[in-house]
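Listed below are the residues making up each chain.
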Amino acid sequence: ELSEQEVYERLPTSVSKDRYTRALTIFVTRCRGERMSSGDLRARIQRHRPQDDEERDFLALAEVIYDAYFEAVRAAEFDDFKGVMWRAVSKVENGDTEFKSPQEKGDLMAVRHILIDEFQDFSKPFHALIEAIQTVNPEVRVFAVGDDWQAINGFAGSDLQFFNGFNQFFENATRYQMTTNYRSARAIVKAS
């Protein structure tokens, strides 16, 4: 039996994540982005036909971890960012349009314009929130700015379908292409 100090001295100085840890983290993040409950995931896994034993084992582990993640979140009475987003969507869908923070308060019914910056990083929860706002307040207009060449957040659930299909997701949309760069030095623009 080792003392607490001896155990501490034997701990590795750095902890590496193996490929399953990273894959499971991304898997949980994606499932949260899709608004899946543990039951939704379980049903989807049961319908799925794994290509091999490794995929079957991964999905079995993912199901257990996702279920444990939900239980830990509920037990601690906190939520992750995607959970907060989906709760906001539900509130708006249920007609709760008032919002408040220590700095301000308001009503989504009074909002006339929504500015979305970095639109290339838009995700399903963000789209669902905008769609819910537009459902309760059809007068609200959306102005989005983005650059698909800067899309780097796919690992976190962003999806270029919203950027590329802007006109499909927003009625009567007008799309403008900015082909002149005023932000970078001439040498950078020329090289690109």
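Our structure's up above, just so we're on the same page.
Values in this document were obtained by computation on a predicted structure and should not be read as measured data.

So, how was this worked out
Residues numbered from 1 in each chain as written. Predicted model: local features only at pLDDT ≥ 70, side-chain atom pairs only at ≥ 80, totals over all residues. Heavy atoms only, no water. Helix = DSSP H or I, 4+ residues; strand = E, 2+ residues; numbered from the N terminus. Buried < 20%, exposed > 50% of the residue type's maximum accessible area, 1.4 Å probe, protein only. Areas by Shrake-Rupley, 256 points an atom, 1.4 Å probe, with all protein chains shown as cover. Lys, Arg positive; Asp, Glu negative; His and termini not counted. Charge placed at Lys NZ, Arg CZ, Asp CG, Glu CD. 1 Å grid on protein atoms, 1.4 Å probe; cavity = no way out; pocket = protein on both sides within 12 Å on 5 of 7 lines; lining within 4 Å. Points joined across faces, edges and corners; volume = space filled by probe spheres on them. Nonpolar A, V, L, I, M, F, W, Y, C, P; charged D, E, K, R; others polar.

*Asks:* How would you explain the overall build of the chain if you had to name every residue and give the values?
*Replies:* Secondary structure assignment for the chain yields nine helices and four strands. Written out in order from the N terminus, the α and β elements of the chain read α-α-α-α-α-β-β-β-α-β-α-α-α. Scored against the burial criterion, the 192 residues of the chain give a buried share of 25%. Just so you have it, the chain exposes about 14700 Å², and 52% of that area is on carbon and sulfur atoms. Each charge class in the chain was averaged separately, 25 positive and 32 negative side chains, and the resulting centres sit 5 Å apart.

*Asks:* Help me get a handle on unusual backbone geometry, residues and values and all.
*Replies:* Of note in the backbone geometry, Glu118 takes a positive phi value of approximately 55 degrees without being a glycine. Along the polypeptide, Glu118 turns up in the loop between strand E3 (113–116) and helix H6 (124–136). With phi around 50 degrees, Asn172 is a residue other than glycine that occupies positive phi space. Within the fold, Asn172 resides in the loop between helix H8 (166–169) and helix H9 (186–191).

*Asks:* Mind laying out the layout of surface pockets, listing which residues take part and the relevant values?
*Replies:* Space inside the largest pocket adds up to approximately 1700 Å³. What lines the largest pocket is a set of 41 residues, among which Ala144, Val145, Gly146, Tyr176 and Met178 lie closest to the centre. Secondary structure elements with two or more residues in the lining of the largest pocket: H6, strand E4 (141–144), H8 and H9. The class makeup of the residues in the lining of the largest pocket is 19 nonpolar, 13 polar and nine charged. Of the pockets and cavities examined, the second largest pocket occupies roughly 440 Å³. What lines the second largest pocket is a set of 23 residues, among which Arg30, Cys31, Glu34, Met36 and Arg44 lie closest to the centre. Elements represented by at least two residues in the lining of the second largest pocket include exactly helix H2 (19–33), helix H3 (38–47), helix H4 (53–76), H6 and helix H7 (160–164). With five residues, H2 is the single largest residue contributor to the lining of the second largest pocket. Across the lining of the second largest pocket, the residue classes tally to eight nonpolar, eight polar and seven charged.

Function-wise, these values are silent; they only describe arrangement.
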